[in-house]
Amino acid sequence: MIPVLLIAIPLVGGLAGFFIKNDKSARSWSLLVSLAALAVSLWGLSVGAKSPLLNADAEWLPALGSRFAVGLDGMGQILCLLTAIAFPVIFIATWRDEYSKSWNFYALMLLSQAGLLGVFLAMDALLFYFFWELALIPVYFLCSQWGGEKRIQATFKFFIYTFVGSLLMLVGIIWLYAHTPDHSFSLKSFYALRSSINGTDQVWLFWLFFIAFAIKMPIWPLHTWQPDTYEQSPTATTMVLSGVMVKMGVFGVIRWLAPVLPLGTWAWGDTASGFCIASMIYASLVAMQQDDLKRLIAYSSIAHIGLMALAIFATTTTGMQGVMIQMFNHGINIIGMWIVVDLIERQMGTRKISELGGLAQKAPALAILLVIVALANVALPLTNAFVGEFLLFSGVYSSKVTEYNVVFTVVAALSIILSAIYTLNMIQKVFFGNTNALTEKAKDIKLNEKVVLAAIVVLIVVIGVYPKPVLNLTKETVDMILTKMDYKKI
Amino acid sequence: MNAIIISAVWGIIMMFSGVFTSKGSVVRNTAVLGLVLLLVGNYLDLIGYHFFPVDVHKMLFFDEFGLLANTVIFGSTLIFVLLSGRDIENIAPRMPVAECFALVFFVLCGVSLVTTFNTLLMLFLGIEIISIPLYILTGSDKRNLKSNEASLKYFLMGCFSTGLMLLGIALLYGASPTGSFSIDELGIGRVNLSALYMAGLLLLLVAMGFKVSAAPFHFWTPDVYDGAPTVFTSFMATIVKAGIFIGFIRLFNETFGDSQSKWQLFVAIITATTLFIGNITAVFQQSVKRMLAYSSIAQAGFMLLALLSINGLARDGILLYAAAYSLATIGVFAILIKMKDYTFEGFNGLAKHHPLLAATCTIFLLSLAGIPLTAGFFAKYYMLASVVETGHYLWLVIFAVLCAAVSVYYYFRVIQAMYFKDGDAQTMELRPAFKGLLVVVAALIILLGVFPQLLLDKLNTLIYTW
């Protein structure tokens, strides 16, 4: 019941949104719909893990053995919550952004929300694939229609990259489906396969899936679409992309790759981890060189996602718990960062770090809120990301499946230092120092922006101080995944 | 049998309708009526009412697969005539409309032979009955040099491939133990795989490959599709191609299933070449019409996957593919005909002037690209799944999906032009009925994309009876 509502509300709301040909009503309507989705998501949290309301299953394609099976487990709960929080926050924060034909913009945003929620809820591989694409198409139109100057090339690159990935994944899904004894796409049948597929098949299947997910996360060297797309997209869409959509990749590995193909994951885990590490260091180094705020945050996002992927391959309880909580945290923090960038860009008309300075004198509230978000981004204690990254690092360090755990931990820790360098450097150049002609006229933030940023800061601090409820929520899923990932028990 | 006779008779009726009336609308409505009759007649055949109990001496075999294929093909033709029938009148002032429609019905007669043949002779007859009217239709824009050139080219190349086909059939006749054209006699377990037999088989494969424009026998396709009047390009690229494909699958499934291991690699190479050439060349086209010609080659490559695997999924899939591909392509062509400029730039800014046209065109293109939620996705899915099911040729599956990714590039160029580029796309006058029908076709594509079992349930009962 609850999962169906979660998908149906933004889907129907989005489709209806196309027909509200009025800027103001479209904006209010989309906020209303996204708040309704948030309410349902909170309802899902409140009913308890065993509630029958959390699952739904209906006939869809009997001839193919695919069912409309959706369900909320711990991991689904936390990602759906993130998605449900992200959209109203985005709508409120970008309330004053102007779009031509804004009703189409908001409708497409809601459709992408439906796709995202569907990905996190699907318990059937074909359904998962459907939603995976459904989330992509609206974003393609959002970026190409309302983006920056080079939007068409950038988003096209993005589309082709992800489409190649998802087609490879489709081949993998079909192969697995053909080998299920009951010819079914259900998650259960896929999980049951892990002992019957031999090692050689698992290896190449691993790459079919991993490439798809690695493009989405993204991991070096498949990341090149990401900074361009983030830079060119309208900021509201960038928030969706970086806050929620990249989690599809991480989520995909945890639900559809590692437990289904444990031998393949184990065999190539070190190599994949190597790519993650390379991704973190490379992205951090590039981020240090950026003058454009959007590109800086885009690269920092690659670095953070790399760490999460690394922890998945470490196959430890702490690491996996870290991934769960960090997926949520990263989404919240990076949306906070984008909100600030959006505010600066709207007021100053530029995103160039070199053209800004001394904003803190003019906009003290903004500065305070940003500093907290940015500190969370570098994982300072008492912030949510500290909890996440601490778990991630201790997970990687204590990994039993790899011999290189110490190397991985040390090199990955370097990226934390680098992240502190570029984040603090950015704050210093943008907010402190002397004002120039441009920033002289800056004004402080308005109420709606204050509210969302304050809400984000509250979330950051609360999870930073008391992460237990979140960890409890995902405990069961983590244990289940790790049992399935144990290659020795096959 | 119903379909063959009705289509042949209606072809003659259409021919004479031009004598009694010169009004285009009357002729068109007669054609629509004929197509509806065909659909009904064919459906009655499917559920067991045979109007014409002719003893065909096992030269034709009316199984469900063939009759369902007929349904798909007649349905597509009906949509084609409703959408673009009016444009036949605009091809050339002196070309009599009634005769064009008569030729369309003769083609349909040929198609219904090809979908239900049981001897190689009938296959040959069917293919010829399809081809000859097409040569005329290709050249129907009499005063246009390009159309003439296309017609001549098509005729010469078509004759050549027909010769090959006849030779192949003759060799197979020689190889069959009892001296027979029947595919029952040539079928599984009946013949030893002599050199004669294999040579005949390969010649037949080449000739059929030619007809469905599989690479490297595709060279006529872009020129003919480009030169022919756009209405008939639409007809040729969809209905005719789908019909011949059904015959192709039927031939290789029933006749040559036995020797599959011998020709499979050959088909795999043809498939890979077709996918590669079709997709890569389509990328470089400047005219949407020519791009669609190459895209039809690329789509044929996907359909060839069904020939490679020949199993239940493949037979299911080819029907779904035929339906999905025909619907979408007919839709795109119907919009293309209304455009004043056939280049990609000609589509610039279409979304601003005609949002409905752009939206439906986007759905058709998404379906051709195989994006989920459209019929094209399940069509491609079935093709891929059928090959995966055989357990071999996985490299070809991966190659095919990479080619599908390439195809996104050229289909999306049209979408980009319509939505994200500024321009002043010029169209002809659009009637509300035309727009309404486009919406219906688009809705049909989405419906099949979400619930393919609407078509497949019928098919599924079919697999088990096989």
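Conventions adopted
Residues numbered from 1 in each chain as written. Chains lettered and ligands numbered in written order. Predicted model: local features only at pLDDT ≥ 70, side-chain atom pairs only at ≥ 80, totals over all residues. Heavy atoms only, no water. Helix = DSSP H or I, 4+ residues; strand = E, 2+ residues; numbered from the N terminus. Rg over C-alpha atoms; globule rule 2.2 N^0.38 Å. Buried < 20%, exposed > 50% of the residue type's maximum accessible area, 1.4 Å probe, protein only. Contact = heavy atoms within 4.5 Å. Areas by Shrake-Rupley, 256 points an atom, 1.4 Å probe, with all protein chains shown as cover. Lys, Arg positive; Asp, Glu negative; His and termini not counted. Charge placed at Lys NZ, Arg CZ, Asp CG, Glu CD. Axes fitted to C-alpha atoms, helices over the stretch in contact; angles between N-to-C directions. Parallel < 35°, antiparallel > 145°, perpendicular 65-115°, else oblique. Left-handed = near helix turned anticlockwise from the far one by under 90°. Nonpolar A, V, L, I, M, F, W, Y, C, P; charged D, E, K, R; others polar. Core = buried A, V, L, I, M, F, W, Y, C linked by side-chain atoms within 4.5 Å. Salt bridge = Lys/Arg side-chain N within 4 Å of Asp/Glu carboxyl O. Polar contact = N/O pair within 3.5 Å; in protein donor to acceptor, adjacent residues only side chain to side chain. Pairing = 2+ DSSP bridges. 1 Å grid on protein atoms, 1.4 Å probe; cavity = no way out; pocket = protein on both sides within 12 Å on 5 of 7 lines; lining within 4 Å. Points joined across faces, edges and corners; volume = space filled by probe spheres on them. Expected span 1.5 Å × (residues − 1). Disulfide = S-S within 2.5 Å.

S.K.: How do you make sense of the overall build of chain B when you look at a structure like this?
M.R.: Scanning chain B from N- to C-terminus turns up 19 helices and zero strands. In terms of overall size, chain B behaves like a compact globule, its C-alpha atoms giving a radius of gyration of 21 Å where 466 residues would be expected to give roughly 23 Å. Reported as C-alpha extents along the three principal axes, the dimensions of chain B are approximately 65 × 55 × 45 Å. Within chain B, the fraction of its 466 residues that count as buried is 65%. Relative to all contacts within chain B whose residues are 6 or more apart in sequence, the contacts with residues 24 or more apart total 83%. On chain B, roughly 15900 Å² of surface is accessible, and the fraction owed to carbon and sulfur atoms is 67%. For chain B, the separation between the mean place of its 26 positive charges and that of its 24 negative charges on side chains is 7 Å.

S.K.: When you look at the packing of helix α13 (residues 312-337) of chain B against helix α16 (residues 375-390) of chain B in this model, what are you seeing that I'm missing?
M.R.: In helix packing, the relevant descriptors are the interaxial angle and the interaxial distance, both defined with respect to the helix axes. All names here are of chain B. Viewed as axis vectors pointing N to C, α13 and α16 meet at an angle of 155 degrees, and their least axial separation amounts to 8 Å. Here α13 is positioned roughly antiparallel relative to α16, judged by the angle of their axes. Where α13 crosses over α16, the two elements pack in a sense that is left-handed. Contacts between α13 and α16 involve Leu313, Ala314, Asp316, Gly317, Ile318, Leu320, Tyr321 and Ala324 from the first element and Ala375, Gly376, Phe378, Ala379, Lys380, Tyr382, Met383, Ala385, Ser386 and Glu389 from the second. When its residues are assigned to classes, the contact of α13 with α16 shows 12 nonpolar, three polar and three charged.

S.K.: Please explain the environment of Leu350 of chain B as it appears in this structure.
M.R.: Residue and element names in this part refer to chain B. Summarising the element assignment, Leu350 is placed in helix α14 (residues 350-353). A residue is classified by how much of its surface remains accessible, and Leu350, at 0% relative accessible area, is buried. Apart from residues no more than four positions distant in its own chain, Leu350 is found in contact with Met339, Pro355, Leu357, Ala358, Met418, Ala425 and Thr427.

S.K.: Help me out: how do you make sense of the nonpolar core in this one?
M.R.: Across soluble globular proteins, nonpolar side chains have a tendency to be buried as a group. Within the largest apolar cluster, 377 residues are counted, with the highest numbers of intra-cluster contacts made by Phe431 of chain A together with Tyr381 of chain B. Setting aside residues no more than four positions away along its own chain, Tyr381 of chain B makes contact with Leu64, Leu126, Leu170, Ile174, Tyr177 and Phe185 of chain A.

S.K.: How should I be thinking about the interface of chain A and chain B in this particular structure?
M.R.: Interface extent is often summarised as the accessible area lost during association of the parts. Facing 34 residues of chain A, the contacting portion of chain B comprises 35 residues. Between the two partners, chain A and chain B, sit zero salt bridges. Our count for the chain A to chain B interface comes out at three residue pairs in polar contact (both at pLDDT 80 or more). Counting residues per element, the ones that place at least two in the side of chain A that touches chain B are β1 (55-61), α5 (125-146), α6 (151-179) and α8 (199-216) of chain A. In terms of residue count, the dominant contributor to the side of chain A that touches chain B is α6 of chain A (15 residues).

S.K.: Hey, could you run me through the pairing of strand β2 (residues 66-71) of chain A in this one?
M.R.: Successive residues of a regular strand alternate their side chains across the two faces of the sheet. Residues and elements named next belong to chain A. Where β1 and β2 come together, six bridges link them in antiparallel fashion. Bridge assignment links Ala58 to a residue of β2, and that residue is Phe68. In sequence, β1 turns back onto β2 through a hairpin of four residues, with Gly65 there showing a positive phi of about 80 degrees.

S.K.: I'm lost on the layout of surface pockets in this one. Help?
M.R.: Remark: the empty space left among the atoms is shown by a probe the size of a water molecule rolled over them. Residue and element names in this part refer to chain A. Empty space within the second largest pocket amounts to approximately 740 Å³. The wall of the second largest pocket is formed by 27 residues, among which Asn55, Gly71, Leu72, Asp73 and Met123 lie closest to the centre. Considered class by class, the residues forming the lining of the second largest pocket number 12 nonpolar, nine polar and six charged.

S.K.: What is the right way to look at helix α4 (residues 97-116) of chain B in this model?
M.R.: Because each turn of an α-helix spans 3.6 residues, side chains separated by three or four positions end up pointing in the same direction. Given a rise of 1.5 Å per residue, 20 residues ought to cover 28 Å, and the 29 Å separating the end C-alpha atoms of α4 of chain B matches this to within 8%. Burial within α4 of chain B is extensive, with 18 of its 20 residues counted as buried.

S.K.: Honestly, the environment of Leu205 of chain A in this entry has me stumped. Any pointers?
M.R.: Residue and element names in this part refer to chain A. Within the secondary structure layout, Leu205 lies in helix α8. Given the relative accessible area of 0%, Leu205 is considered buried. What Leu205 contacts, discounting residues up to four positions off in sequence, is Gly172, Trp175, Leu176, Ile197 and Leu261.

S.K.: Can you help me understand the state of the cysteines in this one?
M.R.: Chemically, a disulfide is nothing more than a covalent bond linking the sulfur atoms of two cysteines. All names here are of chain B. Summed over all chains, the structure comprises zero disulfides over all chains. Lacking any disulfide linkage, Cys100 is separated from the closest cysteine sulfur, that of Cys109, by 18 Å. We classify Cys100 as buried; its relative accessible area is 0%.

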